[in-house]
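Results of the structural survey
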Amino acid sequence: MVRSPGKQKSTKLVILCVVLLGFGLIADYLWASSPHFASSSYLTNWVPADNSQSNVIIPKQEPHHADTKPPKIKADGVHDRTLSATFADLPAPELKWEKMANAPVPRLDGAAIQIKDLLYVFAGYGTIDLVHSHVDIYNFTANTWGRRFDMPKEMAHSHLGMVTDGRYIYVVTGQYGPQCRGPTARNFVLDTKTKQWRDLPPLPVPRYAPATQLWRGRLHVMGGSKENRHTPALEHWSLAVKDGKALEKEWRPEIPIPRGGPHRACVVVSDRLLIIGGQEGDFMAKPGSPIFKCSRRNEIVYDEVHMLDDEMKWKPLPPMPKPDSHIEFAWAIVNNSIVIAGGTTEKHPTTKKMVLVGEVFRFNLDTLTWSVIGKLPYRVKTTLVGFWNGWLYFTSGQRDRGPDDPAPKKVIADMWRTKLRLNS
Ligand SMILES: *[C@@H]1O[C@H](CO)[C@@H](O)[C@H](O)[C@H]1NC(C)=O
Ligand SMILES: *[C@@H]1O[C@H](CO)[C@@H](O)[C@H](O)[C@H]1NC(C)=O
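The structure displayed is predicted, hence computed values, not measured ones.

Let us now look at the nonpolar core. Formed by 85 residues in total, the largest nonpolar core has its most connected members in Y170 and W331. Among the elements that take part in this core, strand β28 (residues 355-364) stands out by supplying six residues, more than any other. Beyond its immediate stretch of four places on either side in the chain, W331 contacts A265, V267, I338, V339, I340 and V385.

Pasting the structure below:
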């Protein structure tokens, strides 16, 4: 049998392809079994690190920060415990914290809206397998938790977008159910006077933890993660709303955000819309898992701040003192400053574990400068913040393992407050 040269060539090509594919699979396997995947810190302890079955390939991207060097190894081989600023706690003045009444339930990835002296606290995970479907209310004057009431059955349980006009609370999209389940596009409005819920037109497609604000009579929803919980979305939509009602039937496309992803703070102040921090990537459901078991994926946390003003163009503002995410309800406006408590920063360079943030940041809108104005009682992410009568409050979220270990552990119900004094 004589083979034609053409056939030989194609046989070589097939062999080459097989070899390349083999390398690809080995590389994928090595990547999947590397600590990037293996260390799971989403609701730690509840999610065993078992991602070796995963066949989803997430391109590995390096943090864009120049200061994310691995820790120095001393001559004696002992790791230098001082980490670069991105991971380490920043120097911060001490604040005196007062422990208040615990929330009725611990919650992670819930949402909160302050209206006058009331903090409405919504939804959230109690454990990785249990999500809340009710609202708790804290009264800052009485310093007590009031009676709870139910959310609509179809409303998302975590990763919600939420904003208020002072009476109506607009609730958009989010994750429906426990673990790493899919999102819903359903949106709702709560009338806080009557405790009545109403429907709003659904989003064109659902999102996880999108930046959400009311601006110039329109409800704006931007970014977040796409339907797989991981892929950053850049889309931006708006809907005209008034007194808890949609004035339009459909969402209108707006200028996309410069960087996508979930868990950022979104603030409207002095008629400007700001997006602060956030991340690209998030845990996602393990392929084929009947319970949508969460598995960790690569995340990039950023410090970027962008602003939308009259020109409807995104403009960069000075970045945060360190990359910070999981801060969507962790901010308050105090005397023309934005105050932000806690969050998560870039993963630890050696352990690859998630690193929580324990600082209180201030962005002074008069000077457009950032500063660190204090330390929290511990590092905590997705905490829910309010400000009343000179006191900064925070409740809920997931705290660290202890002063020496910034990785996430316990989901908390704690409520704390500190008397805030901002120097001009
Ligand atoms: C909060 O509690 C105070 C003190 O009990 C009460 O006077 C006030 O009406 C409450 N606020 C609201 C909005 O219910
Ligand atoms: C905000 O400004 C007012 C007026 O200058 C001042 O009395 C108050 O203490 C300031 N609040 C904080 C938290 O610094």
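Now that the structure has been shown, we can carry on.
Turning our eyes to something else, we now look at unusual backbone geometry. It is generally the case that most residues other than glycine have a negative phi and that most peptide bonds are trans. The backbone phi angle of H159 is positive, close to 55°, even though this residue is not glycine. As for its placement among the helices and strands, H159 is situated in the loop between β8 (149-150) and β9 (161-164). For Q179, which is not a glycine, the phi torsion comes out positive at approximately 50°. Positionally, Q179 belongs in the loop between β10 (168-172) and β11 (187-191).

On to the environment of S158, then. In this structure, S158 sits in the loop between β8 and β9. The exposure class of S158 is buried, given the 25 C-beta atoms found within 10 Å. In sequence terms S158 and S133 are 25 residues apart; their C-alpha atoms lie 9.6 Å from each other.

In the region of ligand 1, the neighbouring residues are K116, D117, L118, N139, T141 and A142. In terms of residue class, the shell around ligand 1 is built from two nonpolar, two polar and two charged.

Bringing the sheet that holds strand β35 (residues 415-419) into the picture now. Taken in spatial order, the four strands make up an open sheet running β1-β35-β32-β31, and their pairing is antiparallel. Of all the strands in the sheet, just β1 (98-99) and β31 (384-388) have a single pairing partner and so form its edges. Note: β1 against β35, two bridges, orientation antiparallel. Looking at β35, one finds that E98 is bridged to R417.

All right, on to the pairing of strand β25 (residues 314-317) then. As a general feature of sheets, a regular strand has side chains that alternate between the two faces. Relative to β25, strand β24 (residues 305-308) runs antiparallel, the two being bridged by four bridges. For H306, the partnering residue across the bridge sits in β25 and is P316.

All right, on to the site of ligand 2 then. The local shell around ligand 2 consists of V334, N335, G390, L420, R421 and L422. Its residues assigned to classes, the shell around ligand 2 shows three nonpolar, two polar and one charged.

For the protein, the average pLDDT comes to 86, and 80% of its residues sit at 70 or higher. Ignoring residues within four places in sequence, the model shows residues 1-7, a span with pLDDT below 50, making one contact including any to other chains.

With antiparallel pairing, the four strands of this open sheet are ordered in space as β18-β19-β24-β25. Strands with a single pairing partner mark the edges of an open sheet, and in this sheet they are β18 (265-269) and β25. Averaged over all neighbouring strand pairs, the angle between strand axes comes to 25°, with direction disregarded.

Basis of the calculations
- Residues numbered from 1 in each chain as written.
- Chains lettered and ligands numbered in written order.
- Predicted model: local features only at pLDDT ≥ 70, side-chain atom pairs only at ≥ 80, totals over all residues.
- Core = buried A, V, L, I, M, F, W, Y, C linked by C-beta atoms within 7 Å.
- Buried ≥ 20, exposed ≤ 12 C-beta atoms within 10 Å, placed from the backbone.
- Helix = DSSP H or I, 4+ residues; strand = E, 2+ residues; numbered from the N terminus.
- Contact = placed C-beta atoms within 7 Å.
- Near = placed C-beta within 6 Å.
- Nonpolar A, V, L, I, M, F, W, Y, C, P; charged D, E, K, R; others polar.
- Pairing = 2+ DSSP bridges.
- pLDDT = per-residue confidence, 0-100.
- Axes fitted to C-alpha atoms, helices over the stretch in contact; angles between N-to-C directions.

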